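# Structural features, examined
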Amino acid sequence: GFYVPGNIAAQAIGVHVYEAATAEVHHNVITEIHNDVINGNQTGHCVMVGNNSPATTGTIDLHDNTITYCQKQGVTLRVNSSATIVDNEIAYGNQGEGKDPGDPNIYASNGIVLRDGNTATISGNDIHDWICTPGAGSGPPCGTNPLTETQSVGILPFGATTSVTISGNNVHDNDLGIADYLNTSSTTAITGNQVVNNDNANAQVYGSASNWSGNTISGSGYGLIISSAGSDVSSVTMTGNTVSGHSNYGIYVDAAQRYAAWLSALW
């Protein structure tokens, strides 16, 4: 584990691959990565690939690891980085030893986040228990309504990803299972996943192009929410999916802009 007691400048990163480096990370336990909760920093990344400032890229092969109790993100890909993320357990965001899950300064934490221009294969992972504390964050508070309130997300491609394949994962017991956000420059392939029993919604496509095939989507308030962001219009193709057992809607098409409700969940 890595714990930064009260240093507001510290990033608190378990594994960081950047400056064009390539790494193979297999069969490790990466856990308890967090900054001191009293300062409310949005840091604590168990695995980070690439860097924003200065901008550099990285490449990672992440296999068969246990990645748990990350304050902010389990796996974060920065701009133009690439990853193969296979057969890992990625779980329990913003929880664990020394953490206060009721701290109002900690925003939503997320399992896997891809930020702009990434290439990634995400397959065979068990991703669960990424939960946003009600009342947290400076934007719309965390809550149970996925249309208006901030959520923690299991798998979150965000921005103009180059090529992303999400297949054969078990994504469960998060606020929101899989969310494809603001990516109209390419099509995200989401195939053969179990996206089940997430607390508020199993999936959302927001201003993106997604192909959904052979997935099981069941047991939540909403199955798949489809919405657009101004000129970023969602395009969704669904083939051979099983969508069942939702208390509100299996597939919900929402015309309203929702971006503000999600911004604080991303970073």
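Residues numbered from 1 in each chain as written. Predicted model: local features only at pLDDT ≥ 70, side-chain atom pairs only at ≥ 80, totals over all residues. Heavy atoms only, no water.

So, on to the packing of aromatic side chains. Under the counting rule described, the total for this entry stands at 5 aromatic pairs. A centroid spacing of 4.9 Å and a plane angle of 45° characterise the contact between Y249 and Y252, whose relative ring orientation is tilted. Looking at Y249, the relative accessible area reads 43%, which means it is partly exposed. Ring pairs connect the aromatic residues Y222, Y249 and Y252, which therefore count as one cluster. (Phe/Tyr/Trp six-rings, centres within 6.5 Å; stacked < 30°, edge-to-face > 60°. Buried < 20%, exposed > 50% of the residue type's maximum accessible area, 1.4 Å probe, protein only.)

This next bit is on the sheet that holds strand β3 (residues 21–26). The strand order across the open sheet formed by 8 strands is β3-β6-β9-β12-β15-β18-β21-β23, and the pairing between neighbours is parallel. The outermost strands of the open sheet, each flanked by one partner alone, are β3 and β23 (235–239). Within this sheet the neighbouring strands show an average axis-to-axis angle of 10°, counted without direction. Taken together, the 5 bridges between strand β21 (residues 209–213) and β23 define a ladder with parallel strand orientation. Among the inter-strand pairings, S213 is bridged to a residue of β23, identified as T239. (Pairing = 2+ DSSP bridges. Helix = DSSP H or I, 4+ residues; strand = E, 2+ residues; numbered from the N terminus. Axes fitted to C-alpha atoms, helices over the stretch in contact; angles between N-to-C directions.)

Before going further, it helps to examine the nonpolar core. Residues I67, V75 and I85 are the most contacted members of the largest nonpolar core, which totals 37 residues. The residues touching V75, leaving out its near neighbours within four places in the chain, are V47, L62, I67, I85, I90, G111, I112 and V113. Core analysis: the second largest hydrophobic core is formed by 13 residues, V113, L147, L176 and A201 among them. (Core = buried A, V, L, I, M, F, W, Y, C linked by side-chain atoms within 4.5 Å. Contact = heavy atoms within 4.5 Å.)

Our next topic: the confidence of the model for the chain. The pLDDT averaged across the chain works out to 85; a share of 81% of its residues lies at or above 70. Low pLDDT, under 50, characterises residues 260–265; the stretch is placed with 21 contacts to residues that sit more than four places away or in other chains. (pLDDT = per-residue confidence, 0-100.)

Now for a nonpolar patch on the surface. On the surface, a nonpolar cluster with roughly 250 Å² of combined accessible area is contributed by V243, I251 and V253. Along the chain, V243 turns up in strand β24 (residues 242–254). (Patch = residues over 30% accessible without salt bridge, like charges linked within 9 Å, V, L, I, M, F, W, Y side chains within 5 Å. Areas by Shrake-Rupley, 256 points an atom, 1.4 Å probe, with all protein chains shown as cover. Salt bridge = Lys/Arg side-chain N within 4 Å of Asp/Glu carboxyl O.)

Turning next to the pairing of strand β9 (residues 82–86). Successive side chains on a regular strand alternate, one facing one side of the sheet and the next facing the other. Bridging between strand β6 (residues 58–63) and β9 involves 5 bridges; their strand directions are parallel. Bridging across to β9, L62 finds its partner in I85. Bridge count between β9 and strand β12 (residues 119–123): 5 bridges; the pairing is parallel. What sits directly across from A83, in β12, is A120.

Let us now look at the environment of N145. Here N145 lies in the loop between β13 (126–128) and β14 (153–158). Sequence separation between N145 and Y222 is 77 residues; the distance between their C-alpha atoms is 9.7 Å. Among the polar contacts made by the side chain of N145, one reaches the main-chain amide nitrogen of L147 at a distance of 2.9 Å. (Polar contact = N/O pair within 3.5 Å; in protein donor to acceptor, adjacent residues only side chain to side chain.)

Scanning all chains against the criterion turns up 1 disulfide. Two residues share a disulfide in this structure: C46 and C70, whose sulfurs sit 2.1 Å from each other. Taking the sign of the torsion about the S-S bond as the criterion, the disulfide between C46 and C70, at about -105°, is left-handed. Residue C46 is found in strand β5 (residues 45–49), and its partner C70 is found in strand β7 (residues 66–70); the two are separated by 24 residues along the sequence. Residue C46 is classed as buried on the basis of its relative accessible area of 0%. We classify C70 as buried; its relative accessible area is 0%. (Disulfide = S-S within 2.5 Å.)

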